[in-house]
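As a plain string of letters, each chain reads:
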Amino acid sequence: MAGLNLNDDAPMDVIPEEPVKPPAAIEKLIEEAKATLIAQENGEKRSLSMVVVGHVDAGKSTMMGRLLYELGRMDEKKRVANERGSAKVGKSSFSWAWELDGTQEERERGITMDIALQTLNTPHRVITILDAPGHRDFIPNMISGASQADSALLVVDAAVGEFEAGFERGGQTREHLLLVRSLGVTQVIVAVNKLDQVEWSKSRYDEICNLLKPFLAQSGFHPTKTQFVPVAAMEGINLSQPPPAASPLHSWYKGPTLVDLLDALEPPTRDINAPLRFPISNVFKGATSGIAVSGRVCGGIIVPGERLRIVPGDESAVVKAIDSDGDSLPWAGAGSNVNVTLTGVDPISLNVGSVLCREGQTVPLVSSFTAKIIVFDIQIPITAGTSVELFHHSRDVPASISRLISVLDRSNGSVIKNKPRVLTKNMSAEVEVSLRSSTYSGPASRALPIPLEPFSVNKEMGRILIRRGGETIGAGVVLELLT
Amino acid sequence: MKLINKHIEKDGSGHVTVCPEDDEDMWHLYNLIQEGDRVRAPAIRRIQNVSTTGTVDSRRIRLHLTLAVARVTWSPSAAPGADSGAANGAAGAAPAASATVEVSGRVAEENQHVKLGAFHTLDIEANKNVRIEKDAGGWDSVALARVEESCVPGRGAEVAAIVCGEGTAIFCLLSEHMTVVLQRLEVPVPRKISNQSSAHEKGLARFYQNLYTSFLRHVPYSSPSLRAIVIASPGWVRDAVFDFIMAEASRTSNKALLTARNKFIKVHVNSPHVHSLVEALKSPEIASQMKETKFAREGLMLDKFFKMLASDEMRAWYGPDHVALAADRGAIGTLLISDELFRSSDAATRKKFVGIVEDVKQKGGEVLIFSSMHESGQQLNQLTGIAAILTFPLDVEVVEAEEREAREEEERRKAEEGEAVEAS
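- Where an unreviewed UniProt entry is consulted, chain B appears under the name eRF1/Pelota-like N-terminal domain-containing protein, with the organism given as Lentinus brumalis.
- Heading Sequence similarities (unreviewed entry) of the UniProt record for chain B holds this comment: "Belongs to the eukaryotic release factor 1 family. Pelota subfamily."
- The UniProt entry for chain B carries the following comment under Cofactor (unreviewed entry): "a divalent metal cation".

- Naming follows an unreviewed UniProt entry, where chain A appears as Elongation factor 1 alpha-like protein of Polyporus arcularius HHB13444.
- Recorded under Sequence similarities (unreviewed entry), the UniProt text for chain A is reproduced unchanged: "Belongs to the TRAFAC class translation factor GTPase superfamily. Classic translation factor GTPase family. EF-Tu/EF-1A subfamily."
- Listed under Catalytic activity (unreviewed entry) in UniProt, the entry text for chain A is "GTP + H2O = GDP + phosphate + H(+)".

**Regarding the overall build of chain A**
- Each helix and strand in chain A was counted, giving 10 helices and 26 strands.
- A compact globule built from 483 residues would reach a C-alpha radius of gyration of about 23 Å, and chain A, at 24 Å, matches this within 12%.
- If one aligns the C-alpha atoms of chain A with their principal axes, the spans along those axes are about 90 × 55 × 45 Å.
- With an accessible surface of roughly 20,400 Å², chain A has 53% of that area assigned to carbon and sulfur atoms.
- Averaging the coordinates of the 49 positive side-chain charges in chain A and doing the same for the 56 negative ones gives two points 4 Å apart.

**Some points on a negative patch on the surface**
- A cluster of acidic residues, E416, E417, E419 and E422 of chain B, forms a negative patch at the surface.
- Inspection of the secondary structure assignment puts E422 of chain B in helix α12 (residues 396–423).

**Some words on the interface of chain A and chain B**
- Tallying the contact residues gives 54 residues for chain A and 43 residues for chain B.
- Summing both sides of the interface, chain A and chain B together bury roughly 4,100 Å²; the carbon and sulfur share of this comes to 51%.
- At the boundary of chain A with chain B, the tally comes to six salt bridges.
- Among the salt bridges present, the one from E106 of chain A reaches K192 of chain B, with a minimum N-O distance of 2.9 Å.
- Here chain A and chain B share 19 residue pairs in polar contact (both at pLDDT 80 or more) between them.
- In terms of residues, the side of chain A that touches chain B owes the most to one element, helix α4 (residues 104–109) of chain A, which gives five residues.
- A class-by-class count of the residues in the side of chain A that touches chain B yields 18 nonpolar, 22 polar and 14 charged.

**Some details on the sheet that holds strand β4 (residues 151–157) of chain A**
Residues and elements named next belong to chain A.
- Judged by pairing direction, the sheet is mixed, and its six strands sit side by side in the order β2-β3-β1-β4-β5-β6 without closing on themselves. The two strands at the open ends of the sheet, each matched to only one other strand, are β2 (116–121) and β6 (226–230). Strand-to-strand twist in this sheet, taken as the mean axis angle between neighbours without regard to direction, amounts to 25°.
- Pairing between β2 and strand β3 (residues 125–131): six bridges, direction antiparallel. By the bridge assignment for β3, Q118 is matched with I129.
- Most of the contacts of helix α8 (residues 202–219) go to β6, to which it runs at about 160°, and overall it touches β4, β5 (187–193) and β6.

**Re the side chain of S95 of chain A**
Residues and elements named next belong to chain A.
- Residue position: S95 is located in the loop between α3 (76–88) and α4.
- Residue S95 is classed as buried on the basis of its relative accessible area, which comes to 8%.
- Excluding its chain neighbours within four sequence positions, the residues that come into contact with S95 are N82, E83 and S86.

**Quick look at the packing of aromatic side chains**
- All chains considered together, the criterion is met by 16 aromatic pairs over all chains.
- Ring geometry for F138 of chain A against W236 of chain B: centres 5.6 Å apart, planes inclined by 40°, an arrangement best described as tilted. With F138 of chain A in the loop between β3 and α5 (139–146) and W236 of chain B in the loop between β11 (226–233) and α4 (237–251), this pair bridges two chains.
- Look at F138 of chain A and you get buried, because its relative accessible area is 8%.
- Centroid distance F215 of chain B to Y221 of chain B: 5.9 Å. Interplanar angle 5°. Geometry classified as stacked. Each member of the pair F215 of chain B and Y221 of chain B is classed as buried.
- Members of the aromatic cluster, joined through ring pairs, are F207, Y208, Y212 and F244 of chain B.
- Against the face of F221 of chain A rests R181 of chain A, its NZ or CZ located 5.9 Å from the ring centre.

**Quick notes on the packing of helix α2 (residues 141–150) of chain B against helix α10 (residues 347–362) of chain B**
Residue and element names in this part refer to chain B.
- Where α2 meets α10, the closest approach of the two axes is 9 Å, and the angle between their N-to-C directions is 75°. In terms of axis orientation, α2 runs roughly perpendicular to α10. The residues of α10 that touch α2, namely those facing S141, V142 and A143, are R350, V354, V357 and E358.
- For the contact of α2 with α10, a count of residues per class yields four nonpolar, one polar and two charged.

**Considerations on the domain arrangement of chain B**
Residue and element names in this part refer to chain B.
- Here the domain parsing of chain B yields domain 1 (1–76 + 97–149), domain 2 (157–287) and domain 3 (293–392).
- Relative placement of domain 2 and domain 3: their C-alpha centres are 33 Å apart.
- Across the contact, 14 residues belong to domain 2 and 11 residues belong to domain 3.
- The junction of domain 2 with domain 3 conceals about 1,300 Å² of combined surface from both sides, 66% of it contributed by carbon and sulfur atoms.

**Focus on the domain arrangement of chain A**
Residue and element names in this part refer to chain A.
- Taken as a whole, chain A is organised into domain 1 (2–34 + 272–357), domain 2 (46–263) and domain 3 (365–481).
- A C-alpha centroid distance of 31 Å is found between domain 2 and domain 3.
- On the side of domain 3, 14 residues touch domain 2, which itself brings 14 residues to the contact.
- Together domain 2 and domain 3 conceal approximately 1,300 Å² of surface at their shared face, both sides included; 53% is due to carbon and sulfur atoms.
- The interface formed by domain 2 and domain 3 holds one salt bridge in total.
- Residues R467 and E175 are paired through a salt bridge, measuring 2.8 Å at the closest nitrogen-oxygen approach.
- For the pair domain 2 and domain 3, the interface holds four residue pairs in polar contact (both at pLDDT 80 or more).
- Put simply, the parts of the chain that give the side of domain 2 that touches domain 3 at least two residues each are α5 and α7 (172–182).
- Among the residues forming the side of domain 2 that touches domain 3, the class breakdown is six nonpolar, five polar and three charged.

**Some words on the pattern of salt bridges**
Residue and element names in this part refer to chain B.
- According to the stated counting rule, one finds 46 salt bridges over all chains in the structure shown.
- Here R146 ties to D339 by a salt bridge, and the two come within 3.6 Å at their closest N and O atoms. Of this pair, R146 sits in helix α2 while D339 sits in the loop between β14 (332–338) and α10, and the two are 193 residues apart along the sequence. Just as R146 is buried, D339 falls in that class too.
- Through salt bridges with shared partners, a single ionic network connects R38, R131, E133 and D135.

Procedures and definitions
- Residues numbered from 1 in each chain as written.
- Chains lettered and ligands numbered in written order.
- Predicted model: local features only at pLDDT ≥ 70, side-chain atom pairs only at ≥ 80, totals over all residues.
- Heavy atoms only, no water.
- UniProt positions renumbered as here; feature names shortened; annotations may be inferred.
- Helix = DSSP H or I, 4+ residues; strand = E, 2+ residues; numbered from the N terminus.
- Rg over C-alpha atoms; globule rule 2.2 N^0.38 Å.
- Areas by Shrake-Rupley, 256 points an atom, 1.4 Å probe, with all protein chains shown as cover.
- Lys, Arg positive; Asp, Glu negative; His and termini not counted.
- Charge placed at Lys NZ, Arg CZ, Asp CG, Glu CD.
- Patch = residues over 30% accessible without salt bridge, like charges linked within 9 Å, V, L, I, M, F, W, Y side chains within 5 Å.
- Salt bridge = Lys/Arg side-chain N within 4 Å of Asp/Glu carboxyl O.
- Contact = heavy atoms within 4.5 Å.
- Buried area = accessible area lost by both parts, 1.4 Å probe.
- Polar contact = N/O pair within 3.5 Å; in protein donor to acceptor, adjacent residues only side chain to side chain.
- Nonpolar A, V, L, I, M, F, W, Y, C, P; charged D, E, K, R; others polar.
- Pairing = 2+ DSSP bridges.
- Axes fitted to C-alpha atoms, helices over the stretch in contact; angles between N-to-C directions.
- Buried < 20%, exposed > 50% of the residue type's maximum accessible area, 1.4 Å probe, protein only.
- Phe/Tyr/Trp six-rings, centres within 6.5 Å; stacked < 30°, edge-to-face > 60°.
- Lys NZ or Arg CZ within 6 Å of the ring centre and 35° of its normal.
- Parallel < 35°, antiparallel > 145°, perpendicular 65-115°, else oblique.
- Domains from an automatic or database assignment.

Encoded structure:
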């Protein structure tokens, strides 16, 4: 018994592995942070995050590059370097996008493949920009970005045929809007880009607005929280400065510029009293030492010096530093997008999709759960046993819709039919989702569980997306965890 | 598999002797042997003799045993979730039979060493004869078709597939009835960070290098039976992977790999998970090349079923009860059924499904028995394991109502008959 350490009266002289900050000090810091946050809410500069979405080649990265330049985040030297570099490989039209499309492959192909993170300073807001890829193959990356955002900027291409390509079935304008809405984004700014290519035609602008407005309303965006703005990103018209008198836009558009709209975005309320949840969206080598992870705090507050659990797994790590956009922070509360430097951990135990939690308040792990979902505009109906990919924050895992529990009324949520045979488009339903093990060794092998929480406990941790064959077929919220 | 001997009576009883050769044959045996059958195969058993003086003498002897089967278990070759570094056969050589089928039960034929009724577990060995004896009705058309199919020489066209995404790759080997996941490779690739560091590129380079080593270890690219090497991925990873493999091959002047160049097929899929295999296999590039292989046909047919479900829900039915109703009405054009259903330990259940299969065949319908060792079979299993494409639309609810009425009618008639008997 003694050898197995099973007797209860064994001397309990546990030596702490390393000097962890006493909880009292952390408590104090948390109190302080809360006070600052409240002060900030009433103050001037408030922070929020925004994902930039839209069909491929709508000009998302270019617009962001141009904005960074106009708001002084990118200096002249860099602009010239990008201009030269892109001209050299014969892609001068991508010169603005090069600021965000940093990897070699993105530049060669002239396409954004992964989320780029940047910060914009407007007079009253500090906006974390997540520039999402528009190509349909990279929607997983786009979802990872959109799940970290409070608001969205939709960029549409006004050129004849281009807008239609993005807006029709299978176009990303439609899918992206549904995705960001399903991930809890309620505010959207629609930038109608490349209007210079249609001679600044007001009728074209109105046509696009009139096509988008009903779709936005139908997708669940409140009309008061959707704004439209005509721009030309490449020329930099109506981004931060109102259109010059010489521009044809000046004659018919007197509204706010894009930056004016960004400046008026409403930051959501933050729940910093909730247990800490930090889903990891990227793991990389720290600037100085240790290993850094980035992501968004989805509840609670994170402070340096604390030892945090990494779920799933048995590992824990000490937070060494928190930084955002190069500035080190004393703490980070819910809703902020930060990089966290960790020490005392083997990088192998840190994966994209893992969640950092405080010991004792760890996030539950599940391999099957029930969810209330809304089925999108799909061709092939969902049957019991449909193989899908389940998206939750930056993680995607194979799963299956194991049981169709009931069809619900979309307006009041009452049960219309129990045990339906199939789910067809635009239905609302309650289903059971089970993760699939990816081997063929029979039913005995169990899928690895993922961290998940019911929507009623933590909104951001309880949202899921369901995709099949490169198409998003549904979105929903977790109702109950099963196993 | 070699067919050594076959003797089947009219009533479906009799025995078949076969000699399994590779993993796939083991899978066939697993599907053939059922609870209650008698299996005769070579075994090793420890024999204990207590001599008159009380000394115990124990030795192992090789003998043939006949078992009354109580349980059959199957374990596929590559351990599930085998992580990187699992060595499994040398490149170029097809891996030896490593899947195992275990048959346990009581000894049914006594011999000088083993008593009747003693328990034994047989490990079915490759290249050793196995005799399977079934009772009346045991050798039904499905079982016989499987014996026939498994003994056709010269099948064994294989396809290697690599399903990859940025930082992940899954190596699979597909044969007629099986998909074996050889390795799952995961290399952490840091995602792009705004301050243009090269961490992403470095991670990718490491990933390609690891992928190449695993490729050499697992994919028997020079084997003539390997028909194609499929590289499937979303985005442009497959191009990069293919270019890297070819560049490395020419750098190390790997002649065998360079000559296999035209075996490579690059396919676009939507996700880097194993279940994308179905998507890869039904892509036009592959479907045109291997139309006649079982897995391609299965994938196409499953796809057709789902499309039918979308366009005309009344012509796509699934679930054992519903399909049985459709079969009664002679409506089934194509029956999709998983081999899992025939593996039922309950003879009556198996008989029911065999009945449906025979019925459909007799009426000129097409029957596809899916292998649950393939992704398509797995997906069919999730969909209750049985589905049918009907030749004419039938409404499930109407049919169910009809059935209910028929049953009520029956009951009423019985009740009336009962009354009539009482009255007389």
